[in-house]
Amino acid sequence: PVHSASLHISVVKPDSTFTNKPLSGVTIFLYLTDNDRTLNQNVKYSGTVNDSGKISFTSLRDGYYYLLASHPTLGIKESETATPDKSVSYEEIDY
C-alpha cells in the first residue's frame, strides 16, 4: 500500500495587538531529514502560501517532514511534523 497523507500549513505573524494575522509571501520547503534542511538539499516538496497565509500539500508519501519557511524580509523559520498514513495534519508557523 502507498503511504498518502495531507499537510495543511498556516503562516501567521502577530500584529501590534498580538493578534495573529495571516502572512503571505512565504515559501515552504519540505525535507525528509534535518540534515537536508540544514544543507538546503533534496527538497521533497515546496510551494508559496496564498494571500491567506495558507498552503496544502496532498498525497505526501512519507511519515515525517522537516519544514523550512522562508520570507524575503522576515527570514527563516523551522518546524517539523508527523504525517501518518491516511491522515490530515495541521501545522502553524509563527513569525
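Parameters and conventions
- Residues numbered from 1 in each chain as written.
- Predicted model: local features only at pLDDT ≥ 70, side-chain atom pairs only at ≥ 80, totals over all residues.
- Heavy atoms only, no water.
- Helix = DSSP H or I, 4+ residues; strand = E, 2+ residues; numbered from the N terminus.
- Rg over C-alpha atoms; globule rule 2.2 N^0.38 Å.
- Buried < 20%, exposed > 50% of the residue type's maximum accessible area, 1.4 Å probe, protein only.
- Contact = heavy atoms within 4.5 Å.
- Areas by Shrake-Rupley, 256 points an atom, 1.4 Å probe, with all protein chains shown as cover.
- Polar contact = N/O pair within 3.5 Å; in protein donor to acceptor, adjacent residues only side chain to side chain.
- Pairing = 2+ DSSP bridges.
- Axes fitted to C-alpha atoms, helices over the stretch in contact; angles between N-to-C directions.
- Phe/Tyr/Trp six-rings, centres within 6.5 Å; stacked < 30°, edge-to-face > 60°.
- Lys NZ or Arg CZ within 6 Å of the ring centre and 35° of its normal.

Student: Let's hear about the overall build of the chain: which residues, and what values?
Tutor: Summing up its helical and strand segments, the chain has one helix and eight strands in all. Counting from the amino terminus, the chain carries its helices and strands in the arrangement β-β-β-α-β-β-β-β-β. Relative to its length of 95 residues, the chain is compact, with a C-alpha radius of gyration of 13 Å against a globular reference of 12 Å. With the principal axes as the frame, the chain shows a C-alpha extent of 50 × 30 × 20 Å. Buried residues in the chain amount to 37% of all 95 residues. When contacts within the chain are restricted to residue pairs at least 6 apart in sequence, long-range pairs at least 24 apart make up 58% of them. Just so you have it, the chain exposes about 5,400 Å², and 49% of that area is on carbon and sulfur atoms.

Student: How would you explain the environment of Thr 73 if you had to name every residue and give the values?
Tutor: Secondary-structure assignment places Thr 73 in the loop between strand S6 (64-71) and strand S7 (75-82). Sequence separation between Thr 73 and Ala 5 is 68 residues, and the spatial gap between their C-alpha atoms is 31 Å.

Student: Outline the side chain of His 3, listing residues and values.
Tutor: Relative to the helices and strands, His 3 is located in the segment before strand S1 (5-14). Here the side chain of His 3 touches Asp 62 through a polar contact of 3.2 Å, landing on its backbone oxygen. Side-chain polar atoms of His 3 contact the backbone oxygen of Thr 83, separated by 2.9 Å. Look past the residues within four positions of His 3 in its chain and what remains in contact with it is Leu 60, Arg 61, Asp 62, Gly 63, Thr 83, Pro 84 and Asp 85.

Student: Mind laying out the sheet that holds strand S3 (residues 27-31), listing which residues take part and the relevant values?
Tutor: Taken together, four strands build an open sheet; the order of strands is S4-S3-S6-S7 and the sheet is antiparallel. Pairing within the sheet leaves two strands with one partner each, and these edge strands are strand S4 (45-48) and S7. With direction set aside, neighbouring strand axes in the sheet form an average angle of 20°.

Student: Could you give me a rundown of the packing of aromatic side chains, with the residues and numbers involved?
Tutor: Using the criterion set out here, one finds three aromatic pairs in the structure. When the ring of Tyr 45 is compared with that of Phe 57, the centres are 6.4 Å apart and the planes differ by 55°; the resulting orientation is tilted. Placement of the pair is Tyr 45 in strand S4 and Phe 57 in strand S5 (residues 54-60), with a sequence separation of 12 residues. Taking the relative accessible area as the measure of exposure, Tyr 45 reaches 23% and is therefore partly exposed. Pairwise contacts between aromatic rings join Tyr 45, Phe 57 and Tyr 65 into one cluster. Above the ring of Tyr 95, the side-chain terminus of Lys 77 is found at 5.7 Å from the ring centroid.

Student: Got a sec to walk through the side chain of Glu 91? Specific residues and values, please.
Tutor: Among the structural elements, Glu 91 can be located in strand S8 (residues 88-94). At 2.3 Å, the side chain of Glu 91 forms a polar contact with the side chain of Ser 79. Aside from chain neighbours lying at most four places away, what touches Glu 91 is Leu 7, His 8, Ile 9, Ser 10, Leu 67, Ser 79, Glu 80 and Thr 81.

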